[in-house]
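The primary structure of each chain is shown beneath.
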Amino acid sequence: MASSNSKSTNETAIKIFKLLLSNPRIKVSWVKAHAGNIGNERADELANDATQHEQPYSHTNLPKPHIKGLLWKRMLEEWQTLWKNGDTGRKIYNFMPSVSLRPTNWIREDVIYVSQHGPFPAYLKRFHLSDSDYCSCGGIGTVLHYATECIYTVSWHMRKPAPNFEQEWLKRVANNLVSRQKIRGVIKFISENRDLFRPPKPSTSQRAELSSSIAGHSTLK
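Residues numbered from 1 in each chain as written. Predicted model: local features only at pLDDT ≥ 70, side-chain atom pairs only at ≥ 80, totals over all residues. Heavy atoms only, no water.

Asker: Tell me about the overall build of the protein, and name the residues and values.
Answerer: The secondary structure content of the protein amounts to 11 helices and 0 strands. Walking the protein from its N terminus toward its C terminus, one meets helices and strands in the order α-α-α-α-α-α-α-α-α-α-α. By the burial criterion, 19% of the 221 residues in the protein qualify as buried. When contacts within the protein are restricted to residue pairs at least 6 apart in sequence, those whose partners lie at least 24 apart make up 39%. Here the protein displays about 17300 Å² of accessible surface, and carbon together with sulfur accounts for 56% of that area. (Helix = DSSP H or I, 4+ residues; strand = E, 2+ residues; numbered from the N terminus. Buried < 20%, exposed > 50% of the residue type's maximum accessible area, 1.4 Å probe, protein only. Contact = heavy atoms within 4.5 Å. Areas by Shrake-Rupley, 256 points an atom, 1.4 Å probe, with all protein chains shown as cover.)

Asker: Account for the packing of aromatic side chains, with residues named and values stated.
Answerer: Under the definition given, this model contains 8 aromatic pairs. Centre to centre, the rings of W156 and F189 are 5.3 Å apart; their planes meet at 40 degrees, and the pair counts as tilted. Taken together, the residues span a long stretch of sequence, with W156 in the loop between α7 (143-148) and α8 (166-174) and F189 in helix α9 (residues 177-192) at a distance of 33 residues. By relative accessible area, W156 is classed as partly exposed at 23%. Consider the rings of F189 and F197, whose centres lie 5.9 Å apart with planes at 90 degrees: the pair is edge-to-face. For F189, a relative accessible area of 23% corresponds to the partly exposed category. (Phe/Tyr/Trp six-rings, centres within 6.5 Å; stacked < 30°, edge-to-face > 60°.)

Asker: Give me the lowdown on the side chain of R180, citing residues and values where you can.
Answerer: Residue position: R180 is located in helix α9. By relative accessible area, which is 15% here, R180 ends up buried. A distance of 2.5 Å separates the side chain of R180 from the backbone oxygen of A174, its partner in a polar contact. (Polar contact = N/O pair within 3.5 Å; in protein donor to acceptor, adjacent residues only side chain to side chain.)

Asker: Describe the pattern of salt bridges, and please don't skip the residues or the numbers.
Answerer: Think of it this way: side chains of opposite charge can pair up when their charged atoms draw near. If you walk through the whole model with that rule in mind, you get 7 salt bridges. Between D110 and R180 there is a salt bridge whose closest N-O contact spans 3.9 Å. Here D110, found in helix α5 (residues 108-115), pairs with R180, found in helix α9; they are 70 residues apart in sequence, far enough to count as distant. The salt bridge partner of E149 is K160, with a shortest N-O separation of 3.3 Å. Here E149 is found in the loop between α7 and α8, whereas its partner K160 is found in the loop between α7 and α8, with 11 residues between them in sequence. The exposure class of E149 is partly exposed, given its relative accessible area of 39%. One network of salt bridges, in which partners are shared, links D110, R180 and R184. (Salt bridge = Lys/Arg side-chain N within 4 Å of Asp/Glu carboxyl O.)

Asker: Describe the nonpolar core, naming the residues involved and giving the relevant values.
Answerer: Formed by 22 residues in total, the largest nonpolar core has its most connected members in Y113, F120, Y146, W169 and I183. Among the elements of the structure, α5, α7, α8 and α9 are those that each provide at least two residues to this core. Not counting residues within four places of it along the chain, the set of residues in contact with F120 comprises I112, G141, V143, Y146, I187 and I190. (Core = buried A, V, L, I, M, F, W, Y, C linked by side-chain atoms within 4.5 Å.)

Asker: Summarise the packing of α5 against α9; cite the residues concerned and give the values.
Answerer: In contact at an axis separation of 9 Å, α5 and α9 are set at 95 degrees when each is read in the N-to-C sense. Comparing the axis directions of α5 and α9 gives the class roughly perpendicular. Here α5 contributes R108, E109, D110, I112 and Y113 to the contact with α9, which in turn contributes R180, I183, R184, I187, K188 and S191. Residue composition of the contact of α5 with α9, by class: 4 nonpolar, 1 polar and 6 charged. (Axes fitted to C-alpha atoms, helices over the stretch in contact; angles between N-to-C directions. Parallel < 35°, antiparallel > 145°, perpendicular 65-115°, else oblique. Nonpolar A, V, L, I, M, F, W, Y, C, P; charged D, E, K, R; others polar.)

Asker: Break down unusual backbone geometry for me, with residues and values.
Answerer: Residue Q116 is not a glycine yet carries a positive backbone phi of 60 degrees. Its location among the elements puts Q116 in the loop between α5 and α6 (121-126).

Asker: Lay out the side chain of D110 in plain terms, naming residues and giving numbers.
Answerer: Assessed through its relative accessible area of 3%, D110 is described here as buried. Each residue touching D110, except ones within four places of it in the same chain, is listed here: N105, R180 and R184.

Asker: An account of a nonpolar patch on the surface is requested, with residue identities and associated values reported.
Answerer: Residues L62, I67, L70 and L71 make up a contiguous nonpolar surface patch of roughly 360 Å² in combined accessible area. As for its position among the elements, L62 is in the loop between α2 (38-50) and α3 (64-85). (Patch = residues over 30% accessible without salt bridge, like charges linked within 9 Å, V, L, I, M, F, W, Y side chains within 5 Å.)

Okay, here's the thing in structure tokens:
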């Protein structure tokens, strides 16, 4: 290529050759066209785009802080798009719909409450870490259950919301310091007393009855 030929008379090639001499760490090599190379495909795209404009592209020297700011903004925009349209982390998205590089002041119990990934039977059953999603008191072992109705967590109870207001209630609790302290107390108590919240194992007679019921159901089929 012309840029690697020191005897080239092409003005652009001469400039590139001088740049290469002053920057020995830069290596130039031939790349096969249209072979899926990201950089090469992008170069082709820009070259084709340039032919569609009446005015040629001009090189402008911009301050590094300005360039850094532009890249920073673009990164946050792409991150926000991925976060908004993602399939995972939707529970946390309900609390934090906007991305940010600023750390939150959440402690361990806050993270467990927001993500609902913790010592809750409903969570453990969902990931096949438990055979049942029931609390030992008989209710479904969710965060809402322990915060509003479980007989073992009465000291931290709050008023239970209507079913169609549960998400709004969860966010409101997270943003209220007094309510958040109650949630921290509930989760800490559950973490320290996990055996108390596990549903009792069925007795021998109950297991026999269940097996008989399953066998009968299979026979009917």
